[in-house]
Amino acid sequence: MTIDRAKPEDWYSLKTVGDDVTYIGEPFIEEFYRCNIWHVRGRDGDMLVDSGMGVVSLTEWVPLVTERSVQAVASHTHFDHIGCHHEFENRVCHRCEADLLAAPTRKNTLADPYVTDEIFTKLPPLPYASTTYAVKAAPATRIVEDGDVIDLGDRHFEVIHTPGHSPGGIALWEKATGILFSGDIVYDGPLIEDTYHANAADYVRSMERLYDLPVRVVHGGHFASYGAERHREIIKNWLRERT
Ligand SMILES: [Zn+2]
Ligand SMILES: [Zn+2]
């Protein structure tokens, strides 16, 4: 069976979610594999949290992301989160995954084994092929550690190192608004704990740390956003099964 190809202009969908945050999605990727891309507007510049699979240009088809200076942050370096990072001048990544962003392979980004035609409901435009799909190198221009701050002028996002799903996973925490961008360490769907560079003890520590944050809204790496009550429920249930 051949699957239809999507048109590039249809690849991304946008939705404003409040707090000057815009959700950018890739609707033709099956939900489980579909990364949430977050665009945050600040006074002096913008922040992009993750950049999708990179199968259609984000800067060409989503003008929102290039209107002003933007810091493209990688919550971590799996293929579904960093595919368009090479299109941005300012690229931010945690120290523990800087080598991956600089030299991505099909194996180290998990494109192999995850990327097949089956993850799409419509294939990306030609010349895309799942067998040769690969993420382009996008060396970090800023390497961050736990406690560092992404400064947008009037908005400040603290970097929280959240290893477990991957060694250099980070969450971004805006204390003033209670917004947490959590990446893949926690979201409201099946969590992945068995990647080649996952670490169970780190995962537990990261979850315990995030539990205590006074969040108002969590925008995760996958699936729908949620509030404080659901945040504690997800983490409490997860910890109960593992500790
Ligand atoms: Zn991931
Ligand atoms: Zn992911």
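Residues numbered from 1 in each chain as written. Chains lettered and ligands numbered in written order. Predicted model: local features only at pLDDT ≥ 70, side-chain atom pairs only at ≥ 80, totals over all residues. Heavy atoms only, no water.

Selection rule: UniProt positions are given in the numbering used here, feature names are shortened, and annotations may be inferred rather than shown by experiment.
Going by the annotation in an unreviewed UniProt entry, the name recorded for the chain is Beta-lactamase, with Thalassospira tepidiphila MCCC 1A03514 given as the source organism. The heading Sequence similarities (unreviewed entry) in the UniProt record of the chain holds the text "Belongs to the metallo-beta-lactamase superfamily. Class-B beta-lactamase family."

1. What about the sheet that holds strand 3 (residues 37-41)?
To keep it simple, the criterion reads: For two strands to count as paired, DSSP must find a minimum of two bridges between them. Numbering goes from the N terminus for both helices and strands, where a helix is a DSSP run of H or I of at least four residues and a strand is a run of E of at least two. Angles shown run from 0 to 180 degrees and are taken between the N-to-C directions of axes, each axis being a line fitted to C-alpha atoms and, for helices, limited to the stretch in contact.
In spatial order, the strands read 1-2-3-4-5-6-7; together these seven strands make up an open sheet with mixed pairing. Pairing within the sheet leaves two strands with one partner each, and these edge strands are strand 1 (13-16) and strand 7 (142-144). Averaged over all pairs of adjacent strands, the angle between their axes in this sheet comes to 25°, without regard to strand direction. In this sheet, strand 7 lies alongside strand 6 (residues 90-94) in parallel orientation, the contact comprising three bridges. Looking across to strand 7, one finds that H94 is bridged to V144.

2. Some details on the coordination of the zinc ion (ligand 2)
What counts, and what does not: The donor definition counts N, O and S atoms within 2.8 Å of each metal and applies 3.2 Å to Na, K and Ca; water is not among these atoms, so some sites may look incomplete. Just to be clear on the cut-offs, tetrahedral is four donors with all angles between 85 and 135 degrees, square planar is four donors and octahedral six with opposite donors over 155 degrees apart and all others between 65 and 115, and anything else goes down as irregular. Relative accessibility under 20% of the residue-type maximum defines a buried residue, over 50% an exposed one, and the middle range a partly exposed one, all with a 1.4 Å probe and only protein chains included.
Within the protein, D80 (OD), H81 (NE2), D184 (OD) and H222 (NE2) serve as the donor atoms for the zinc ion (ligand 2), at 2.0 to 2.4 Å. For the zinc ion (ligand 2), the four donor atoms are set out with angles of 87 to 163° between them, so the coordination reads as irregular. Counting residues between consecutive donors of the zinc ion (ligand 2) along the chain gives the motif D-H-x102-D-x37-H. The buried category is assigned to H81, whose relative accessible area is 0%. For H222, a relative accessible area of 3% translates into the label buried.

3. Thoughts on the coordination of the zinc ion (ligand 1)
Only H76 (NE2), H78 (ND1), H165 (NE2) and D184 (OD) from the protein reach the zinc ion (ligand 1) as donors, at distances of 2.1 to 2.4 Å. As a motif over one chain, the donors of the zinc ion (ligand 1) read H-x1-H-x86-H-x18-D. Taken as an interatomic distance, the gap from the zinc ion (ligand 1) to the zinc ion (ligand 2) is 3.4 Å; D184 donates to each of them. Each member of the pair H76 and H78 is classed as buried.

4. Quick look at the environment of V62
The criterion, for reference: Between two residues, a contact is recorded if the distance between any of their heavy atoms is within 4.5 Å.
Residue position: V62 is located in the loop between helix 1 (58-61) and strand 5 (70-73). Since its relative accessible area comes to 2%, V62 is described here as buried. Once residues within four sequence positions are removed from consideration, V62 is found in contact with Y12, L14 and I24.

5. Observations regarding the packing of aromatic side chains
Applicable threshold: Aromatic rings from Phe, Tyr and Trp, with only the six-membered ring used for Trp, were paired whenever their centres fell within 6.5 Å, and each pair was classed as stacked if the ring planes differed by under 30 degrees, edge-to-face if by over 60, and tilted otherwise. Geometrically, a lysine NZ or arginine CZ counts as sitting over a ring once it is within 6 Å of the ring centre and also within 35 degrees of the ring normal.
With the rule as written, the count across this model stands at 12 aromatic pairs. Pairing W11 with F28 gives two aromatic rings, centres 5.9 Å apart and planes at 50°, and the pair type is tilted. You can see W11 sitting in the segment before strand 1 and its partner F28 sitting in the loop between strand 2 (21-25) and strand 3, a full 17 residues away along the chain. The residues W11 and F28 share a single accessibility class, namely buried. Ring-pair connections join several aromatic residues into one group, and the members of that group are W11, F28, F79, F120, Y128 and Y133. Directly above the aromatic system of Y211 lies the positively charged group of R232, at a separation of 5.8 Å from the ring centroid.

6. Notes on unusual backbone geometry
In the segment running from D112 into P113, the intervening peptide bond is cis, with an omega of 20°. Secondary-structure assignment places P113 in helix 4 (residues 111-114). In this chain, L126 is followed by P127 through a cis amide linkage whose omega measures 10°. Tracing the sequence through the fold places P127 in the loop between helix 4 and strand 7.

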